[in-house]
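Structural description and commentary
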Protein chains: 4
Amino acid sequence: MDKDLSMYNIRTDLALEAKEMAAPGGEDIPGVWSEQDTQGEVTVSRMHIQTDEGARKIGKMIGHYVTLDVPGMRQGDTELQDQIATIFAKEFEAFLARIGTKPTGSVLIVGLGNWNVTPDALGPLVVENVMVTRQFFELMPDQVSPGYRPVSAIAPGVLGTTGIESSDIVQGIVEKSKPDLVIAIDALASKALERVNTTIQIADTGIHPGSGIGNKRKGLTKDILGVPCIGIGVPTVVYASTIVNSAMDLVFGHMKKHTPETGQLFGVFGSMAEQERLQLVKEVLQPIGHDLLVTPKEIDKFMEDIANIIASGLNAALHEAVDTDNVAAYTH
Amino acid sequence: MDKDLSMYNIRTDLALEAKEMAAPGGEDIPGVWSEQDTQGEVTVSRMHIQTDEGARKIGKMIGHYVTLDVPGMRQGDTELQDQIATIFAKEFEAFLARIGTKPTGSVLIVGLGNWNVTPDALGPLVVENVMVTRQFFELMPDQVSPGYRPVSAIAPGVLGTTGIESSDIVQGIVEKSKPDLVIAIDALASKALERVNTTIQIADTGIHPGSGIGNKRKGLTKDILGVPCIGIGVPTVVYASTIVNSAMDLVFGHMKKHTPETGQLFGVFGSMAEQERLQLVKEVLQPIGHDLLVTPKEIDKFMEDIANIIASGLNAALHEAVDTDNVAAYTH
Amino acid sequence: MDKDLSMYNIRTDLALEAKEMAAPGGEDIPGVWSEQDTQGEVTVSRMHIQTDEGARKIGKMIGHYVTLDVPGMRQGDTELQDQIATIFAKEFEAFLARIGTKPTGSVLIVGLGNWNVTPDALGPLVVENVMVTRQFFELMPDQVSPGYRPVSAIAPGVLGTTGIESSDIVQGIVEKSKPDLVIAIDALASKALERVNTTIQIADTGIHPGSGIGNKRKGLTKDILGVPCIGIGVPTVVYASTIVNSAMDLVFGHMKKHTPETGQLFGVFGSMAEQERLQLVKEVLQPIGHDLLVTPKEIDKFMEDIANIIASGLNAALHEAVDTDNVAAYTH
Amino acid sequence: MDKDLSMYNIRTDLALEAKEMAAPGGEDIPGVWSEQDTQGEVTVSRMHIQTDEGARKIGKMIGHYVTLDVPGMRQGDTELQDQIATIFAKEFEAFLARIGTKPTGSVLIVGLGNWNVTPDALGPLVVENVMVTRQFFELMPDQVSPGYRPVSAIAPGVLGTTGIESSDIVQGIVEKSKPDLVIAIDALASKALERVNTTIQIADTGIHPGSGIGNKRKGLTKDILGVPCIGIGVPTVVYASTIVNSAMDLVFGHMKKHTPETGQLFGVFGSMAEQERLQLVKEVLQPIGHDLLVTPKEIDKFMEDIANIIASGLNAALHEAVDTDNVAAYTH
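Remember, it's a predicted structure, so these values are computed and weren't measured experimentally. Sequence positions are assigned chain by chain, starting from 1 and proceeding in written order. Whichever chain is written first becomes A and whichever ligand is written first becomes 1, with later ones labelled in order. Per-residue local features are limited, in this predicted model, to residues with pLDDT of at least 70; the limit for side-chain atom pairs, both in listing and counting, is 80 or more; totals at the level of whole chains, interfaces and linings are taken over all residues. Excluded from the side-chain calculation are hydrogens and water; included are all heavy atoms of the structure.

1. As for the interface of chain B and chain A
We call two residues in contact when some of their heavy atoms are within 4.5 Å. With 27 residues of chain B in contact, the opposing surface of chain A contributes 27 residues. Two parts placed together each lose some accessible area under a 1.4 Å probe, and the buried area is that loss summed for both. With both sides pooled, the region where chain B packs onto chain A buries about 2,100 Å², and carbon together with sulfur makes up 60% of that total. When the buried area of chain B at its contact with chain A is split by residue, Gly163, Ile164 and Lys176 of chain B rank highest and sum to 24% of it. Salt-bridge detection follows one rule: a side-chain nitrogen of Lys or Arg within 4 Å of a carboxyl oxygen of Asp or Glu. Between Glu175 of chain A and Lys176 of chain B there is a salt bridge, with the nearest N and O atoms lying 3.3 Å from each other. Here a polar contact means two N or O atoms within 3.5 Å. Within protein one must be a hydrogen donor candidate and the other an acceptor candidate, and residues neighboring in sequence count only if both atoms are side-chain atoms. For the pair chain B and chain A, the interface holds eight residue pairs in polar contact (both at pLDDT 80 or more). Those elements that place two or more of their residues in the side of chain B that touches chain A are helix 5 (134-139), strand 5 (151-154), helix 6 (159-162) and helix 7 (166-177) of chain B. A run of DSSP states H or I qualifies as a helix once it reaches four residues; a run of E qualifies as a strand once it reaches two. Both are numbered from the N-terminal end. A total of eight residues in the side of chain B that touches chain A trace back to one element, the largest contributor, which is helix 7 of chain B. Each residue is assigned to one of three groups, with Ala, Val, Leu, Ile, Met, Phe, Trp, Tyr, Cys and Pro labelled nonpolar, Asp, Glu, Lys and Arg labelled charged, and all others, Gly among them, labelled polar. Taken together, the residues that form the side of chain B that touches chain A break down as 11 nonpolar, 10 polar and six charged.

Structure below.
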């Protein structure tokens, strides 16, 4: 029997985690191509979900997904951050090429999320740091140096603070300003604490219903916007219950390795199916608030660092005149 | 010969100041009705520019203008602030009635200006403090208590940070979210230092090209948006050169009162026409940067106070269930 | 054999949690008096550690501890917040009376922690919101209304940002400004996610080495400062590993209740001693960063709310002229 | 008769401006040595007040004063900012050498002023950006690389928010932490709008009573602190009345140049002594609030830029291992 992911309550917005759940042993999934390479401290995972079957198995849409994993990203090492921005820029350029966006094509960068909720402020922070150039093309097109393209940027707020779906706001702006491409940045929920603020995902499928950590129920996709949308996501929060569950997995795994006779080790609990156990954990924890989304104590600094990496990477990827060797100089 | 204001470089966004310039002696202007009354520390000036002639003389569009002048607004007195909010709410309700907006009509509040420039942050600050209710009407219309209307709010940013004209962004959002009325809040430049952060203007003519203190060149008007637009403005900055010029006027006036033979008092300078003198002042000051817009040192606190007054006043004026006697309770 | 807490690595700064660990069944501990009462949604626990033996068992110093537990504190309900502030003020007044601080005695409020790390910013936020009056007593003593006392306040920063131990900075300021009492506010680590931002502890033992969530290694105590020190603490973070461990306890407890034959339920794992299991959990989780301190996603709003409660409560407790019935009016 | 400055109400904290007022024609003042040189866009003025007579004439204490004037500092040009930081570092090193502070001598950086008042936040902003190293020398002295010295930093707040004189707080901290040198940074008032946010002053006389723009009435000097104190000041505000008065001077000067017969040009007003005219301007303007301190509209960005320049410059001047060629890399 097929083990479709739709039956699970997967608390992850990351395609890579969804794939790991669908194929925990790393086995091939039909219709899903993937590769992985490591550049210094950065692991780049590229995945192409090619068929409906693959999409169904993983629970994510057909499309390209790239994930940068950098366990050291939380260390505040500025040299490493420049490296990540450079790798990000190169991977992002591949997306632009695949979509067919011309070097002069105009881009609207959308920073989803809420200014006032630190772990949800990734989008607004990137918007604040990215180079905005569209106004020069509109007001003095003759004076713009070659090697730049028109880039605009907006942080539309969240439903709770504006009263309007972000998706509707962005649609309205797209219709007026007519970009060739939308890039949407959002904070995500992860299944694993170790991925929080160490992972960046790029996907040409846009941003989807249910994604993100706030009330962002309508998506930002080519269907809705009329132009392609590349989504950039960073997990910044994790459910307390998934911390518990995946920790249990690890503890069980650790003990099994050392003492093989599992039955005796964990009794009935050890032999429960994963979903049954997750359900149990949730039931027990909910009354005391363990179903909270949590984030690391140092979240303020982490958000600032990652927003700078993404803004630097986007500047380098979008403008030929901005050098990927020194991307950081164009943000502040 | 008519003394049209269009020939002057009036550095004011306030209709009341423009009228004072057109009729410095307080004389009647044909086609312009006005009245003034004082409620405690608050002076309310109501003006109706009724004809093209009146509009041309004053240099402002045909429409209604109400100005609240409160010299004590900078004192940080919370009781006075509640009074101002209540008076603001009543005057604002008169605008709603005149326009014919129904108590259930939906409203989009637009906070123009730049978060990161304190004296330009009035609009975003009001948006942050105002009650937003539209989402409840969209998601659970049956559960909204009577006495509220759908209110949404957006701070679209400025051209320099988004790359898109605020006016275009707002148009796009209006087309998607279809409010019955737009309320736009903006920081203004005044001609007089004593008006900075002590005056609030309401006008049913919307927000106009050239107004505001940043790059907001397209307007927000019924013509552009397709729905009525009420503009709320507060002068938060003043040109250094106009401080100088109006100070000179005061000094001359003061000396004349005490020593009548003006000619001897100021010689050639005293007999220059006002515009000639202003031109001279500007010429002399420009090279050394006196053409700066300046703002009081305590601007952070002033902005917070006025944004709260306006947000409280709007909450009371827009929702019947919010009591004008205790408007402050609905903001934070 | 005695079960001394010193042998445990207790990750809690709360005396109440330490007592629960020392006497999990609620049994009496010699030398420790305690009582508990509930006022609306607020549970007030008062504990007096009276003897060395009691102190050793619980792992906290001899002294009085009061804990306010309010599960609903995270809801943002302003009425409840006023209630908590009033109860806090009354409990705090009992501390002042016990210490023998006169109604005119001068007080220095010390806000420990780091402005730039949201969950560590409790102290600085309280300092920003509390009424400061000492300057009036110094500059114009004749004009101060009766019912007030001299209150000063400082947020000394943390070792990482100042290069100086907070304790040394405070000592220096105490020697110069000679308060009769120091009140120190700090963010704490809890053992339980459900206590994060729902609990306030007051203790007349000051602030102790190892407490707090940053590098604050020297204490603030009567011994060091020469004047009494009341510590106020709020748990704002929890170790991911303790979330996991206490969740496991809950799951085991839940399953045991339903299926009594424990041995079979959890095998070897179930029969491990708590400390052994905690050690195992830490060993397994450390390599993947689960030893992080985490905090709820909504931490920005939670911190603001609790800082207001404490500032309001302190204003009411410290100044006879400030009414406990309307404490909120004196903070902003 | 001597023209002592003590009889004037000079609204300037800058020694250079005070000297210009005492010797408007640039004439020599006995007991005052000065020189000036220009490096690119930066004019460096060095002044040594050597005698009591010189001090009395200028109205500033005996000591060394260096002023960096950079009209372009408000342009936000990062290359120019690096240049200024480098020149600042070199001038500052000369102060260190003259005082005799050893390369390993410990330093306490004091950021005077108020976080919450943008034009008064210079000190706190520098403290936030400067490298703090003292804790490494205290906790792991063997592991500190050569080329660094112990630097600590504190922003003590202002009397209105702490209830304690900044000077007392700093004294207490100096007594506990025993630095060899104190560096105090403060925002100043200038006599000239064009100096606001374009000038940096360094002085080995510390910070003096009456200086600064807030309530900082006690000084930070070697007499009070027991160790030398170098003051760094930046004018960030100007009185509206001094804008007016100096503008009048400019206008009169401009007209005189073009039409020599002054008497006829300005009559009685033109022949008033400067102080008489200033008095008149103040009398006329006070009732309408023109005695406000004002600051440029763009103050938020200006403060950030200058704080970075000073922090970068201090890092380079204080640590031999930090290269003056690349000072900016050590701040963020």
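2. Quick notes on the relation of the copies chain B and chain A
Copies are brought into register by a least-squares superposition over C-alpha atoms of residues with pLDDT of at least 70 in both. For the pair chain B and chain A, the relating rotation is 180°, the translation along its axis is 0.0 Å, and the fit reaches an RMSD of 0.1 Å. What we have between these two chains is a two-fold relation. Every residue of chain B has its C-alpha some distance from the rotation axis, and the shortest such distance is that of Gly172 of chain B, at 2.0 Å. Here 100% of the interface residues in chain B have copies in chain A that are interface residues too; the copies meet face to matching face.

3. Here we look at the pairing of strand 9 (residues 293-296) of chain D
A two-sided burial pattern is seen for strand 9 of chain D, the buried positions comprising Leu293 and Thr295 of chain D on one face and Val294 and Pro296 of chain D on the other. At least two DSSP bridges between two strands are required for those strands to pair. Examined bridge by bridge, strand 9 (residues 293-296) of chain B and strand 9 of chain D share three bridges and lie antiparallel to one another. Within strand 9 of chain D, the residue paired with Val294 of chain B across the bridge is Pro296 of chain D. Of the pairings in the sheet, the one linking strand 8 (residues 229-239) of chain D to strand 9 of chain D comprises two bridges and is antiparallel in character. For Val238 of chain D, the partnering residue across the bridge sits in strand 9 of chain D and is Val294 of chain D. Exposure categories follow from relative accessible area, calculated using a 1.4 Å probe and restricted to protein chains: below 20% of the type maximum is buried, above 50% is exposed, and the middle band is partly exposed.

4. So, the packing of aromatic side chains
Residues and elements named next belong to chain A. Centres within 6.5 Å make a pair out of two Phe, Tyr or Trp rings, where for Trp the six-membered ring is used; the pair is then stacked when the planes are under 30 degrees apart, edge-to-face when over 60, and tilted otherwise. Under the definition given, this model contains four aromatic pairs over all chains. Consider the rings of Phe88 and Phe92, whose centres lie 5.7 Å apart with planes at 25°: the pair is stacked. Residue Phe88 and its partner Phe92 are located together in helix 3 (residues 78-99), separated by four residues, close to a single helical turn. Each member of the pair Phe88 and Phe92 is classed as buried. Throughout this description, the term charge over a ring refers to an Arg CZ or Lys NZ atom that lies within 6 Å of the ring centre and within 35 degrees of the ring normal. Geometry around Phe95 places Arg98 over its ring, the cationic atom sitting 4.6 Å from the centre.

5. Topic: the environment of Leu250 of chain D
Residues and elements named next belong to chain D. Note that Leu250 resides in helix 9 (residues 240-258). For Leu250, a relative accessible area of 33% puts it in the partly exposed group. Taking the C-alpha atoms as reference, Leu250 lies 30 Å from Glu53; in sequence the two are 197 residues apart.

6. Focus: helix 3 (residues 78-99) of chain B
All names here are of chain B. Under the convention used throughout, the expected extent of a helix is 1.5 Å for every residue step, that is, one less than its residue count. Helix length check: helix 3 (22 residues) gives 31 Å between terminal C-alpha atoms against 32 Å at 1.5 Å per residue, within 8%. When we look at burial in helix 3, the residues that qualify are Leu80, Gln81, Ile84, Ala85, Thr86, Ile87, Phe88, Ala89, Glu91, Phe92, Phe95 and Leu96. Between the side-chain oxygen at the start of helix 3 and the backbone nitrogen of Glu79 there is a gap of 2.9 Å, and the oxygen is on Asp77. Looking at the residues trailing helix 3, positive phi occurs at Gly100, about 90°.

7. Focus: the packing of helix 7 (residues 166-177) of chain C against helix 7 (residues 166-177) of chain D
Where helix 7 of chain C contacts helix 7 of chain D, the two axes come as close as 7 Å, and the packing angle between them is 125°. Accordingly, the angle class assigned to the pair helix 7 of chain C and helix 7 of chain D is oblique. Helix 7 of chain C and helix 7 of chain D meet at a crossing whose hand is right-handed. Each of Asp168, Ile169, Gln171, Gly172, Ile173, Glu175 and Lys176 of chain C in helix 7 of chain C lies in contact with helix 7 of chain D, whose residues at this interface are Asp168, Ile169, Gln171, Gly172, Ile173, Glu175 and Lys176 of chain D. The residue makeup of the contact of helix 7 of chain C with helix 7 of chain D, split by class, is four nonpolar, four polar and six charged. Convention adopted: a line fitted to C-alpha atoms gives each axis, helices being fitted over their contacting stretch, and angles between N-to-C directions are expressed from 0 to 180 degrees. Any angle that is under 35 degrees is reported as roughly parallel, and any over 145 degrees as roughly antiparallel; angles of 65 to 115 degrees are reported as roughly perpendicular and all others as oblique. Put simply, a crossing is left-handed when the front helix is turned counterclockwise from the back one by less than a right angle, and right-handed when it is turned clockwise.

8. Structural notes on the side chain of Thr67 of chain A
By secondary structure assignment, the location of Thr67 of chain A is in strand 3 (residues 63-69). Not counting residues up to four positions away in its chain, the partners in contact with Thr67 of chain A are Leu16, Thr43, Val44, Ser45, Thr199, Ile200 and Gln201 of chain A.

9. Let's talk about helix 4 (residues 122-129) of chain D
Within helix 4 of chain D, seven of the eight residues are buried, which leaves it mostly tucked inside the rest of the structure. Residues of helix 4 of chain D that are buried in the fold lie against strand 4 (107-111), strand 5 (151-154), strand 6 (181-190), strand 8 and helix 12 (299-318) of chain D.

10. Comments concerning the pattern of salt bridges
In total, this model carries 36 salt bridges over all chains according to the counting rule given. The partner of Arg134 of chain C in a salt bridge is Glu138 of chain C, and the shortest N-O contact between them spans 3.8 Å. With Arg134 of chain C and Glu138 of chain C both in helix 5 (residues 134-139) and four residues apart, the pair spans about one turn of that helix. Look at Glu138 of chain C and you get exposed, because its relative accessible area is 51%. A single network of salt bridges, built from pairs that share partners, joins Glu17, Glu20, Asp69 and Arg195 of chain A.

11. Observations regarding the packing of helix 4 (residues 122-129) of chain B against helix 12 (residues 299-318) of chain B
Residues and elements named next belong to chain B. Here helix 4 crosses helix 12 at 50°, and the two axes come no closer than 8 Å. Between helix 4 and helix 12, the interaxial angle falls into the category oblique. The two elements helix 4 and helix 12 cross, and the hand of that crossing is right-handed. Contacts between helix 4 and helix 12 pair Leu122, Leu125, Val126 and Asn129 from the former with Met303, Glu304, Ile306, Ala307, Asn308, Ile310, Ala311, Leu314 and Asn315 from the latter.

12. Examining unusual backbone geometry
Despite not being glycine, Asn197 of chain A shows a phi value in the positive range, around 60°. Structurally, the position occupied by Asn197 of chain A is in the loop between strand 6 (181-190) and strand 7 (199-203). Positive phi is not limited to glycine here, since Lys178 of chain B has a value of about 50°. Turning to its location among the elements, Lys178 of chain B is positioned in the loop between helix 7 and strand 6 (181-190). Residue Lys178 of chain B is classed as exposed on the basis of its relative accessible area, which comes to 60%.

13. Concerning the pairing of strand 8 (residues 229-239) of chain A
The side chains of a regular strand alternate between both faces of the sheet. All names here are of chain A. Counting buried positions along strand 8 yields 10 of 11 residues, so the element is predominantly enclosed. Summarising the sheet, strand 6 and strand 8 pair through nine bridges and their orientation is parallel. The residue bridging Ile185 from the neighbouring strand is Ile232, located in strand 8. As paired elements, strand 7 and strand 8 share three bridges and run antiparallel to each other.

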